[in-house]
Amino acid sequence: MIGYADYPREVVEDIARLRRRIEVSGVPCKIADSNLLVGTWNIRAFGRVYREWGENPGSPKRNLRAMAYIAEVIRRFDIVAVQEVKRDTSGIRLLLKEFLGPEWGLVLSDVTAGGGGNAERLAFVYDGRRVQPSGLAGEIVLPPTDGGDPARQFARTPYIVGFRCAAERFALLTAHIKYGTVPKDRLEELQAMAGHVAREIRNRARVADVEEANLVVLGDFNIDKRRDNPLFQTFISTGLMVPQQLWGLRTTYNTEPKYYDQIAWFMGELDLPYNERAGAIDFAGAVYKGLTLRQMSYRVSDHFPLWVEFGVDRSVEHMAWTLGTDPAMPDPLGSVPD
């Protein structure tokens, strides 16, 4: 294991700045049996790692220094959906083994075949002290057309995995929509994603005791802007809702703000309590201050992580039912005399 005592001075200084950015983003502390912190992060071309602290004159550029920054972010969450994990998984496995520790777990999809798949996988990294896989794991394959013809599949197959936290069960569906040469190239996959999630998975989630209950959709959907943008409107057209706390937050370091990454769920159909807290960690300029942002992006990433907080403590709610009071009132247990 590589610990903080092993970090060179320049890494410690960057970590200090990075922690300030994390605090500014509003990420709350993990509280046992109280909250659940879910993140999503496209970690650029996450494959092999140069296993030294110094710079690699060749490739890959991601080194132990960069891994320290990636670990610093990920360990603040309970579970993170990771996009752009490459065929070679040695880098993400190094993250768990040498930086996060034995309590952390990993679930990986297979590599999507074909040029459009870009030899990428999707992954979930989770803190096993607080979250455990439920047993559900699958790749999303579109059914045949109404005419019986094979449907055109996603360039990179979306991945759904179920998890448990305290007494709560939930499913996370992550995707990396193809970028294309112009924005309209992304419409077909976004329409297919929104439509399939609404028709198939959403309907299954409405049945009692199903694995897909409490579905959260998250990942890199290559949506340039939110609000009135056609890509964003396509994404939410079947009822998916992105929390308003994320609407104005850019998810890349570009001069022109981009909003490629999203976290969403179907309005009124998520039984997992949302704590009205969400954000993005903008680390641009906090780490690798001697490099350009573009150079930094090949070491850490060109995307910022997004996060949301859910509640998992239902004790007050359950006791309010016993008392016959409204769990939503300011003090549902206040009727109990001293």
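The structure we're discussing is the one just above.
Below or above, wherever it landed, is the structure these notes cover. Predicted model, so just to flag it, every value in this text is computed and none were measured.

Overview of the overall build of the chain
Next, step 1: Counting its secondary structure elements, the chain contains eight helices and twelve strands.
Next, step 2: Whereas a compact globule of 338 residues would reach a radius of gyration of roughly 20 Å, the chain reaches 20 Å, a difference of no more than 12%.
Next, step 3: Once the C-alpha set of the chain is aligned to its principal axes, its extents read approximately 65 × 65 × 35 Å.
Next, step 4: Of all 338 residues assigned to the chain, the portion counted as buried reaches 53%.

Details of the packing of helix H1 (residues 9–25) against helix H2 (residues 64–74)
Next, step 1: Interaxial distance between H1 and H2 falls to 10 Å at its minimum, and their mutual angle equals 25°. Accordingly, the angle class assigned to the pair H1 and H2 is roughly parallel. Crossing of H1 over H2 shows right-handed handedness. Between H1, through Glu10, Val11, Asp14, Ile15, Leu18, Arg19 and Ile22, and H2, the contact on the second element is made entirely by Arg65, Ala68, Tyr69, Glu72 and Val73.
Next, step 2: Residue composition of the contact of H1 with H2, by class: seven nonpolar, no polar and five charged.

Remarks on the pairing of strand E4 (residues 120–127)
Next, step 1: In terms of residue burial, E4 counts as a mostly covered element, since eight of its eight residues are buried.
Next, step 2: Burial along E4 is two-sided: Glu120, Leu122, Phe124 and Tyr126 facing one way and Arg121, Ala123, Val125 and Asp127 facing the other are all buried.
Next, step 3: For strand E2 (residues 79–86) and E4, the ladder comprises seven bridges, and the chain directions are antiparallel. Bridge pairing in E4 links Val82 to Ala123.
Next, step 4: Direction of pairing for strand E3 (residues 104–108) relative to E4: antiparallel, over a ladder of five bridges. The residue bridging Leu108 from the neighbouring strand is Ala123, located in E4.

Thoughts on the nonpolar core
Next, step 1: One finds Phe235 and Phe310 to be the most contacted residues of the largest nonpolar core, which totals 56 residues.
Next, step 2: The residues contacting Phe310, other than those within four sequence positions of it, are Ser34, Asn35, Leu36, Val38, Val216, Trp265, Leu270, Leu272, Pro273, Tyr274 and Asn275.
Next, step 3: In terms of nonpolar packing, the next biggest core, distinct from the first, is built from 45 residues, Trp41, Leu95, Leu100 and Trp104 among them.

Structural notes on the side chain of Ser25
Next, step 1: Mapped onto the fold, Ser25 is located in helix H1.
Next, step 2: For Ser25, a relative accessible area of 14% gives the class buried.
Next, step 3: Every residue in contact with Ser25, bar those within four places of it in the chain, is listed here: Gly279, Ala280, Ile281 and Trp307.

Quick notes on the sheet that holds strand E7 (residues 168–176)
Next, step 1: The sheet built from six strands is open, its strands ordered E5-E6-E7-E8-E10-E9 with mixed pairing. This sheet does not close on itself; its edge strands, each paired only once, are strand E5 (132–139) and strand E9 (240–241).
Next, step 2: Sheet strands in contact with helix H4 (residues 187–205) are strand E6 (159–165), E7, strand E8 (215–220) and strand E10 (261–266), and its direction is about 155° off that of E7.

Thoughts on unusual backbone geometry
Next, step 1: That bond from Ser59 to Pro60 is cis: its omega, 10°, falls within 30 degrees of zero.
Next, step 2: With respect to the helices and strands, the residue Pro60 is situated in the loop between strand E1 (35–46) and H2.
Next, step 3: Here Asp33, not a glycine, exhibits a phi torsion of approximately 60°, which is positive.
Next, step 4: Note on placement: Asp33 falls in the loop between H1 and E1.

Comments concerning the side chain of Thr89
Next, step 1: Tracing the backbone through its elements, the reader meets Thr89 in the loop between E2 and helix H3 (90–100).
Next, step 2: Owing to a relative accessible area of 14%, Thr89 belongs among the buried residues under this scheme.
Next, step 3: Setting aside chain neighbours within four positions, we find Thr89 in contact with Leu108 and Arg121.

Some words on the sheet that holds E1
Next, step 1: Across the sheet, which stays open at both edges, the six strands sit in the order E3-E4-E2-E1-E12-E11 with mixed pairing between neighbours. Among the strands making up the open sheet, the edge pair consists of E3 and strand E11 (274–280). Averaged over neighbouring strand pairs, the angle between their axes works out to 20° when direction is ignored.
Next, step 2: Pairing analysis gives five bridges linking E11 to strand E12 (residues 306–311), with the strands arranged antiparallel. If you follow Ala278 over to E12, its bridge partner there is Val308.
Next, step 3: Packing against the sheet, H3 makes contact with E1, E2, E3 and E4, and its axis sits at approximately 170° to E3.

Cut-offs and rules
- Residues numbered from 1 in each chain as written.
- Predicted model: local features only at pLDDT ≥ 70, side-chain atom pairs only at ≥ 80, totals over all residues.
- Heavy atoms only, no water.
- Helix = DSSP H or I, 4+ residues; strand = E, 2+ residues; numbered from the N terminus.
- Rg over C-alpha atoms; globule rule 2.2 N^0.38 Å.
- Buried < 20%, exposed > 50% of the residue type's maximum accessible area, 1.4 Å probe, protein only.
- Axes fitted to C-alpha atoms, helices over the stretch in contact; angles between N-to-C directions.
- Parallel < 35°, antiparallel > 145°, perpendicular 65-115°, else oblique.
- Left-handed = near helix turned anticlockwise from the far one by under 90°.
- Contact = heavy atoms within 4.5 Å.
- Nonpolar A, V, L, I, M, F, W, Y, C, P; charged D, E, K, R; others polar.
- Pairing = 2+ DSSP bridges.
- Core = buried A, V, L, I, M, F, W, Y, C linked by side-chain atoms within 4.5 Å.

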